[in-house]
Amino acid sequence: MPSTIAQDLQAIEELIKISIFNIGLAKFTTHQDPKIILEKASSDLYDAYIGIKVLALKIESKKSIV
């Protein structure tokens, strides 16, 4: 079942929140290599970027149907 625009936005928001948290964590961690944490944050931000692009296409396709 396709997701709604609201669900897409919520998923993107969660990815961005997690990335921000991980970037902050990387600054202060002493238990893990900060590079690993930053790579995960970078990956999550890229996923959010792709999600925004897909969402924009979904919105555009709905506009052309109407």
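Up top is the structure.
So, a few notes on the structure that sits alongside this text. (Residues numbered from 1 in each chain as written. Predicted model: local features only at pLDDT ≥ 70, side-chain atom pairs only at ≥ 80, totals over all residues. Heavy atoms only, no water.)

## Points about the packing of aromatic side chains
Given two aromatic rings, one states the distance between the centres and the angle between the planes to describe the pair.
(1) Moving on: Applying the stated rule across the entire model yields one aromatic pair.
(2) Moving on: Between Y46 and Y49, the aromatic rings sit 6.0 Å apart at their centres with planes inclined by 35°, giving tilted as the arrangement. Separated by three residues within a single helix, Y46 and Y49 lie in helix 2 (residues 34-65), roughly one turn from each other.
(3) Moving on: Under the relative-accessibility criterion, Y46 is labelled exposed at 52%. (Phe/Tyr/Trp six-rings, centres within 6.5 Å; stacked < 30°, edge-to-face > 60°. Helix = DSSP H or I, 4+ residues; strand = E, 2+ residues; numbered from the N terminus. Buried < 20%, exposed > 50% of the residue type's maximum accessible area, 1.4 Å probe, protein only.)

## A closer look at the pattern of salt bridges
(1) Moving on: Counting across every chain of the model gives four salt bridges.
(2) Moving on: The partner of D8 in a salt bridge is K58, and the shortest N-O contact between them spans 2.6 Å. Placement of the pair is D8 in helix 1 (residues 5-28) and K58 in helix 2, with a sequence separation of 50 residues.
(3) Moving on: A salt bridge links E14 to K17; its shortest N-O distance comes to 3.8 Å. Placement of the pair is E14 and K17 together in helix 1, with a separation of three residues, close to one helical turn.
(4) Moving on: If you follow the salt bridges from partner to partner, you end up with E13, E14 and K17 in one network. (Salt bridge = Lys/Arg side-chain N within 4 Å of Asp/Glu carboxyl O.)

## Topic: helix 1
(1) Moving on: Here helix 1 contains 24 residues, and its C-alpha end-to-end distance of 35 Å stays within 8% of the 34 Å for a straight helix at 1.5 Å per residue.
(2) Moving on: For helix 1, the complete set of buried residues consists of D8, I12, S19, N22 and A26. (Expected span 1.5 Å × (residues − 1).)

## What about a nonpolar patch on the surface?
(1) Moving on: Together, I16, I20, I23, L38, L45 and I52 give the surface a local cluster of nonpolar side chains, amounting to about 490 Å² of exposed area.
(2) Moving on: Where the nonpolar patch is concerned, the elements lending two or more residues are helix 1 and helix 2.
(3) Moving on: For I16, the location among the structural elements is in helix 1. (Patch = residues over 30% accessible without salt bridge, like charges linked within 9 Å, V, L, I, M, F, W, Y side chains within 5 Å. Areas by Shrake-Rupley, 256 points an atom, 1.4 Å probe, with all protein chains shown as cover.)

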